[in-house]
Amino acid sequence: DGGITQSPKYLFRKEGQNVTLSCEQNLNHDAMYWYRQDPGQGLRLIYYSQIVNDFQKGDIAEGYSVSREKKESFPLTVTSAQKNPTAFYLCASSIDWRDSQPQHFGDGTRLSIL
Amino acid sequence: KQEVTQIPAALSVPEGENLVLNCSFTDSAIYNLQWFRQDPGKGLTSLLLIQSSQREQTSGRLNASLDKSSGRSTLYIAASQPGDSATYLCAGSGNTPLVFGKGTRLSVIA
């Protein structure tokens, strides 16, 4: 079955540590996205990528970094510069972000501070 | 900048009722409007996508409409069931990727 796989499901970060969240899709989608969700809030866009080797900052990119070396993969690194990283992180993909195509989501990674 | 508002924030109804969830957006230059369902601790599932040239979409007991002139979308759920209990989010896109509302948390009581 095609879909989006996020790992790990739960992740804990120590002070001053960088952590990387994995997102893999086998839907052959060009566009991929990272969102952050805080309790009782909607999703806020961190980064998005329209195509391999290209990505753009979203609304809350500070303290995060991404790479898009392969079409299938869009890992997100939460750096030590992100002072409030505790949140639920969701990865999504779509055929093309400009076209009217639905976004497909993974099951998320919950990040907490130790 | 596009802003999306959802009313009400929470809703509790008895099983079998028909209900309407509301979504409003500030920028009428909207490209498409999606409604999603989110179960606790899970990702989002796309329910309905209304493209800019369309006014409504239907899937089973769900019907979503889009009125770009008034900046509103509604999700109508017919004959609600306990299994419909979840958070429903709407999201619109224009020249940027999707902007999400905060969602409506729906509880359907058996």
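The rules behind the values
- Residues numbered from 1 in each chain as written.
- Chains lettered and ligands numbered in written order.
- Predicted model: local features only at pLDDT ≥ 70, side-chain atom pairs only at ≥ 80, totals over all residues.
- Heavy atoms only, no water.
- Helix = DSSP H or I, 4+ residues; strand = E, 2+ residues; numbered from the N terminus.
- Rg over C-alpha atoms; globule rule 2.2 N^0.38 Å.
- Buried < 20%, exposed > 50% of the residue type's maximum accessible area, 1.4 Å probe, protein only.
- Contact = heavy atoms within 4.5 Å.
- Areas by Shrake-Rupley, 256 points an atom, 1.4 Å probe, with all protein chains shown as cover.
- Polar contact = N/O pair within 3.5 Å; in protein donor to acceptor, adjacent residues only side chain to side chain.
- Nonpolar A, V, L, I, M, F, W, Y, C, P; charged D, E, K, R; others polar.
- Pairing = 2+ DSSP bridges.
- Axes fitted to C-alpha atoms, helices over the stretch in contact; angles between N-to-C directions.
- Core = buried A, V, L, I, M, F, W, Y, C linked by side-chain atoms within 4.5 Å.

Trainee: How should the overall build of chain B be read in this particular structure?
Mentor: Secondary structure summary: chain B contains zero helices and 11 strands in total. Along chain B, from the amino end to the carboxyl end, the secondary structure elements read β-β-β-β-β-β-β-β-β-β-β. Expected size for 110 residues packed as a compact globule is a radius of gyration near 13 Å; at 13 Å, chain B falls within 12% of this value. For chain B, the spread of C-alpha atoms along the principal axes amounts to about 40 × 25 × 20 Å. The buried share of chain B, taken over its 110 residues, is 45%. Sequence-distant contacts in chain B: of pairs separated by 6 or more residues, those separated by 24 or more amount to 54%. Surface summary for chain B: the accessible area is close to 5200 Å², and the carbon and sulfur share equals 47%.

Trainee: It is not clear to me how the overall build of chain A should be interpreted in this structure. Could you clarify?
Mentor: Along its length, chain A carries zero helices and 11 strands. In chain A, the succession of α and β elements from N to C terminus is β-β-β-β-β-β-β-β-β-β-β. For 114 residues, the compact-globule estimate of 2.2 N^0.38 gives 13 Å, and chain A sits close to it at 13 Å. Seen through its C-alpha atoms, chain A measures out along the principal axes to roughly 40 × 25 × 25 Å. Burial statistics for chain A: of 114 residues in total, 47% are counted as buried. Counting contacts in chain A only where the partners sit at least 6 residues apart, residues at least 24 apart contribute 53% of the total. A total accessible area of about 5600 Å² is found for chain A, and carbon and sulfur atoms account for 45% of it.

Trainee: I'm lost on the interface of chain B and chain A in this one. Help?
Mentor: When the parts of a complex come together, some accessible area is lost, and that lost area is often taken as the interface size. With 22 residues of chain B at the contact, the number on the chain A side is 24 residues. If you look at where chain B meets chain A, you find two residue pairs in polar contact (both at pLDDT 80 or more). Of all the secondary-structure elements, those providing two or more residues to the side of chain B that touches chain A are strand E4 (32–38) and strand E5 (44–51) of chain B. Looking at the side of chain B that touches chain A, its residues break down into eight nonpolar, 11 polar and three charged.

Trainee: Got a minute to help me understand the sheet that holds strand E7 (residues 62–67) of chain B in this structure?
Mentor: Working definition: the strands of a sheet are paired by backbone hydrogen bonds and lie parallel or antiparallel to each other. All names here are of chain B. A sheet is described by the order of its strands in space; here five strands give the open sequence E1-E3-E8-E7-E6, paired in antiparallel fashion. Unpaired on one side and paired on the other, strand E1 (4–7) and strand E6 (56–59) mark the two borders of the sheet. Across this sheet, the average inter-strand angle for adjacent strands is 15°, counted without regard to direction. In this structure, E1 lies alongside strand E3 (residues 19–25), joined through four bridges in antiparallel fashion. The residue of E3 that forms the bridge with threonine 5 is serine 24.

Trainee: How do you make sense of the nonpolar core when you look at a structure like this?
Mentor: Nonpolar side chains in soluble globular proteins tend to be buried together. Counting 22 residues, the largest nonpolar core has B:Leu33, B:Trp35, B:Leu75, B:Ile77, B:Tyr88 and B:Leu106 as the members making the most contacts within it. Counting residues per element, the ones that place at least two in this core are E3, E4, E5, E7, strand E8 (72–77), strand E9 (86–93) and strand E11 (104–109) of chain B. In terms of residue count, E3(B) provides more of this core than any other element does, four residues in total. Counting residues in hydrophobic clusters, the runner-up holds 20 residues, among them A:Trp34, A:Ile46, A:Ala61 and A:Tyr89.

Trainee: Would you mind going over the sheet that holds strand E1 (residues 4–7) of chain A with me for this structure?
Mentor: All names here are of chain A. Reading across from one edge, E1-E3-E8-E7 is the order of the four strands in this open sheet, with antiparallel pairing throughout. Only two strands of the sheet have a single neighbouring strand rather than two, namely E1 and strand E7 (64–66). Pairwise comparison of adjacent strand axes, ignoring direction, gives a mean angle of 20° for this sheet. Strand direction decides the pairing type here: E1 and strand E3 (residues 19–25), joined by four bridges, are antiparallel. Looking across to E3, one finds that glutamine 6 is bridged to cysteine 23.

Take it as geometry only, folks, not as evidence of what the structure does.
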